[in-house]
Amino acid sequence: MFVSHAFVVSMFLCRVVGQDEDNVPLTIVGLFDEENTVEQQIFELAVQKVNIDPNFSNVFLKAEIKIVDSADSYITGLQTCESMESGIGAVFGPSHLESSNIVQSLCETMEVPRIEASWENTPVENFNYYFNPYPEPTLLAKGYTAIVHDMDWRSFTLLYQHPECLQRLQDLIQDYSGKTKPNDKSVAAISIIQLPEGNNFRPILKDIKKSLEGHIVLDCDAELIYTVFKQAKEVNLLDDYHSFIITSLDAHTVDFSGVVQNIRTNITTVRLIDPSNPVVENIVKDLNFVQQRMNLNIAPLQAHKLTVNAILIYDAVNVYAKALEGLGKTRVTAEPLQCKSSPFVSWSNGFKLIHFMRVIETEGLSGLMRFDNRTGHRSYFTLDMVELVDTGFKKIGVWDPEKGMTYTRTSEEMLRDLYVGSKNKTFIVSSKITEPYLMLKDDHAKLIGNDKYEGYVVDLIAMIAEEMNITYEINLRSDGNGKRDKKTNKWNGIIGEVQEMRADLGVCDLTITHERRSAVDFTMPFMNLGISILFSKPEDPQTNLFSFTQPLSFQVWIFTATAYLGLSLVLFFLARITPNEWQNPHPCNPHPEELENSLSLLNCLWFSMGSILCQGSDILPRAFPTRLCAAMWWFFALIMTQSYTANWTAFLTSNRMETPIKNVEDLDKKGGLGNDDGIKYGCVTDQSTASFFQNSDVNLYQKMWSAMESYGDSVMVSDNKQGVDRVKKERNHYAFFMESSSIEYEVQRNCDLTEVGYWLDNKAYGIAMPFS
């Protein structure tokens, strides 16, 4: 329970003033590198607060401050020995490695607890009198690794200041070692760069921007953080597609107001203390009250300005006081110790005191504390994951060694933050003029901005903008979707714009391919399609008034006409000669004077015509010779009619509109290598269709790609429009491989074109975005 009211503090000040002269305070020594630091102030104030805290009725401490030269470990050891000769209960500090080792050795010999409140970069498993409320180094490193993983970073650049930073982040570095970037398997997932001496970091920051790495882990002193971000803003590194994780636990003390305005960069850091926590605020108020009673001429403490070392010194003093209180009613006293000459006599209370400290579990300024009873390291702590916003730091999650990462904001809140962050931004949409996806309006010269365009892409982006309540601007590219330079691995065109983060979205007939996915990210597909063949439609046969004569040759028609006339004349003469063809015109008169013959010349012609046309006649022969002649003609007419019908059917079938190719196999047969008079075929150079043939494992497609490569520019085109024009111009002599969706559009608007065969593959169009 913390004392938070002034009148309570005043009551217990009487205990300090009225101490019995025989009740000697227990001296604890603080070794500091500099004088009048915030750590020193907190140390003194924490001791005084313990002395007036009613929860520590059996504890009375005295703070002894010593300013040591961290570079001179010998002098530091002598100063520590002098303090031990006077009798001390603990040594706080120092933080420098060499001096720390000397002091720890003395404390081990004299059995005096040594309390460290900073990051320890050497193992101390064999030290029996060591205590440190700073998070255990390996656990802290696991915390950083968990945060990076939780943010789904698959690659990053590590910017560090001191060599010990690499030790502090060793777990994170090892975790990403051996991995490669998902978008470029030839590049390592982690790039490690040390900040140069001085304050000019612009060249390194520019190199990071050129590398297109969007994730950066920054490990440096708190005093340097603002300078790094200020210069990062100057080189345009603080944009939408860069994210930072600051590993310094003192990042909450940095004033970011000069760099966070009008930026949308995700800046995340971790902290051990929440300055807005009511418990923290009450403790700081109590320390300021103690400071006023001590008449110290220093500025009041502020929670958001307390360094992690200062916070942990306060927690260490309180744990030390709890251990003294927990040892019982008898006050622990100091004993003069001789460490300059043997035999050495150790402190009798040191062993039980240090072990009592290691089993304490308590709540402090830095949260819940739990310690390893073998090493004295802090085994439990919580890291607040905070995000930098315009109004300051916003807590988004908590990590601890037992539960791992726990988010403190819901998915709805995350989406709301994304919407809020995108309201004041104008998204740059990179596209190109391609029917029907993006076209200029007829009156575009009179219009400005996005109003100049129409098409599928315009409608799609407009719907997305309306749904997300964002604004956008369309920028045109004249170099197409883009192709990769094999030497520099850079892209041009729309893919290059998005990869270089000069555009937020790339929208057009942009096929999602494996190679493009290595350069940019894609949304879910908005259209599914495949590669097909665009070819010219067969020409309609010419109309001929006498086409009905074509099933039979001219000679056959002449012979048939001759036979027709000949038969008619023969039938006429036979009818004249044969008596049975002459009939009584008046059957009632048995003795007529005249007889008549129905097979006149006209009737014979009509009879022959009706027979060959299968229509019959009301005039029929009666005599045997004429009937025999008619039967022969009927047989001839049957043969001719059936032959004409069969030939006519074949003629109609052969004149039906048919394309010379029906699928890709036919195209290969009629347009392969060595067939210069056949049907040529091609596609757009260096685009997804060309990549399909180039990288295909199918023998037929590999063969066709070899043919296209062999003919080169004579069959390859620069864009779809050029390919369509060539198909129309070179009718039946050129086929163009094209996306099925574009073919459907062209076929609907050009009656001379048609789609041939089946889809060669299945692919999709997507919206390109930079990697986040």
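Residues numbered from 1 in each chain as written. Predicted model: local features only at pLDDT ≥ 70, side-chain atom pairs only at ≥ 80, totals over all residues. Heavy atoms only, no water.

1. Considerations on the overall build of the chain
So, step 1. Counting secondary structure elements, the chain contains 24 helices and 33 strands.
So, step 2. Computed over its C-alpha atoms, the radius of gyration of the chain comes to 49 Å, more than 25% above the 28 Å expected for a compact globule of 772 residues.
So, step 3. Considered along the principal axes of its C-alpha atoms, the chain spans approximately 185 × 55 × 55 Å.
So, step 4. For the chain, the residues scored as buried account for 48% of the 772 residues in total.
So, step 5. Taking as baseline every contact in the chain between residues at least 6 positions apart, the subset at least 24 positions apart corresponds to 68%.
So, step 6. Per element, the accessible surface of the chain, about 38,900 Å² overall, is 53% carbon and sulfur.
So, step 7. Treating the 68 positive side-chain charges of the chain as one cloud and the 98 negative ones as another, the clouds have centres 3 Å apart. (Helix = DSSP H or I, 4+ residues; strand = E, 2+ residues; numbered from the N terminus. Rg over C-alpha atoms; globule rule 2.2 N^0.38 Å. Buried < 20%, exposed > 50% of the residue type's maximum accessible area, 1.4 Å probe, protein only. Contact = heavy atoms within 4.5 Å. Areas by Shrake-Rupley, 256 points an atom, 1.4 Å probe, with all protein chains shown as cover. Lys, Arg positive; Asp, Glu negative; His and termini not counted. Charge placed at Lys NZ, Arg CZ, Asp CG, Glu CD.)

2. A word on the state of the cysteines
So, step 1. Applying the stated rule across the entire model yields 1 disulfide.
So, step 2. Free of any disulfide, Cys107 has its nearest neighbouring cysteine sulfur in Cys339, separated by 9.5 Å. (Disulfide = S-S within 2.5 Å.)

3. Here we look at the side chain of Asp250
So, step 1. Mapped onto the secondary structure, Asp250 falls in the loop between strand 11 (243-246) and strand 12 (266-271).
So, step 2. One buried charged residue, Asp250, remains without a salt bridge, the closest side chain of opposite sign being Arg168 at 9.6 Å.
So, step 3. Polar contacts involving the side chain of Asp250 include one to the main-chain amide nitrogen of Val308, which spans 2.6 Å.
So, step 4. Discounting residues that sit within four places of it in the chain, Asp250 has contacts with Ala222, Thr307 and Val308. (Salt bridge = Lys/Arg side-chain N within 4 Å of Asp/Glu carboxyl O. Polar contact = N/O pair within 3.5 Å; in protein donor to acceptor, adjacent residues only side chain to side chain.)

4. Brief notes about the confidence of the model for the chain
So, step 1. Confidence in the prediction of the chain, expressed as mean pLDDT, is 85, and 92% of residues score 70 or more.
So, step 2. Looking at the elements of the chain, mean pLDDT is at its lowest for helix 1 (residues 6-17), recorded as 44, and at its highest for strand 3 (residues 90-92), recorded as 94. (pLDDT = per-residue confidence, 0-100.)

5. A short note on the packing of helix 3 (residues 73-86) against helix 4 (residues 97-110)
So, step 1. Where helix 3 contacts helix 4, the axes come no closer than 8 Å and their chain directions differ by 30°. Considering the angle they form, helix 3 stands roughly parallel to helix 4. Taken as a pair, helix 3 and helix 4 cross one another with a handedness that is right-handed. Contact with helix 3, carried on its side by Ser73, Thr76, Gly77, Thr80, Cys81 and Met84, involves Glu98, Ser99, Ile102, Val103, Leu106, Cys107 and Met110 of helix 4 and no other residues of that element.
So, step 2. Residue classes in the contact of helix 3 with helix 4 are distributed as 7 nonpolar, 5 polar and 1 charged. (Axes fitted to C-alpha atoms, helices over the stretch in contact; angles between N-to-C directions. Parallel < 35°, antiparallel > 145°, perpendicular 65-115°, else oblique. Left-handed = near helix turned anticlockwise from the far one by under 90°. Nonpolar A, V, L, I, M, F, W, Y, C, P; charged D, E, K, R; others polar.)

6. A closer look at the packing of aromatic side chains
So, step 1. Scanning all chains against the criterion turns up 23 aromatic pairs.
So, step 2. Centre to centre, the rings of Trp557 and Tyr644 are 5.9 Å apart; their planes meet at 70°, and the pair counts as edge-to-face. A residue pair is termed long-range when its members are at least 10 positions apart, and Trp557 in helix 17 (residues 554-577) and Tyr644 in helix 19 (residues 624-654) qualify at 87 residues.
So, step 3. For Trp557, a relative accessible area of 30% translates into the label partly exposed.
So, step 4. Taking relative accessible area as the criterion, Tyr644 reaches 22% and is therefore assigned partly exposed.
So, step 5. Plain terms: the ring middles of Phe692 and Phe693 are 5.2 Å apart, the flat faces sit at 75° to each other, and that makes the pair edge-to-face.
So, step 6. Assessed through its relative accessible area of 17%, Phe692 is described here as buried.
So, step 7. Through a chain of ring-to-ring contacts, the aromatic side chains of Tyr681, Phe692, Phe693, Tyr701 and Phe737 assemble into a single cluster. (Phe/Tyr/Trp six-rings, centres within 6.5 Å; stacked < 30°, edge-to-face > 60°.)

7. With respect to the nonpolar core
So, step 1. If you look at the biggest cluster of nonpolar residues, it comprises 91 residues, and the most contacted ones within it are Leu61, Met84, Phe156 and Tyr320.
So, step 2. Residue contributions to this core peak at 13 residues, all from helix 11 (residues 308-326).
So, step 3. Those residues within four positions of Leu61 in sequence are excluded, and the remaining contacts are Pro25, Leu26, Ile28, Val47, Val50, Asn51, Tyr320 and Leu324.
So, step 4. The next biggest cluster of nonpolar side chains, apart from the first, holds 33 residues, and it includes Leu534, Trp705, Phe736 and Ile743. (Core = buried A, V, L, I, M, F, W, Y, C linked by side-chain atoms within 4.5 Å.)

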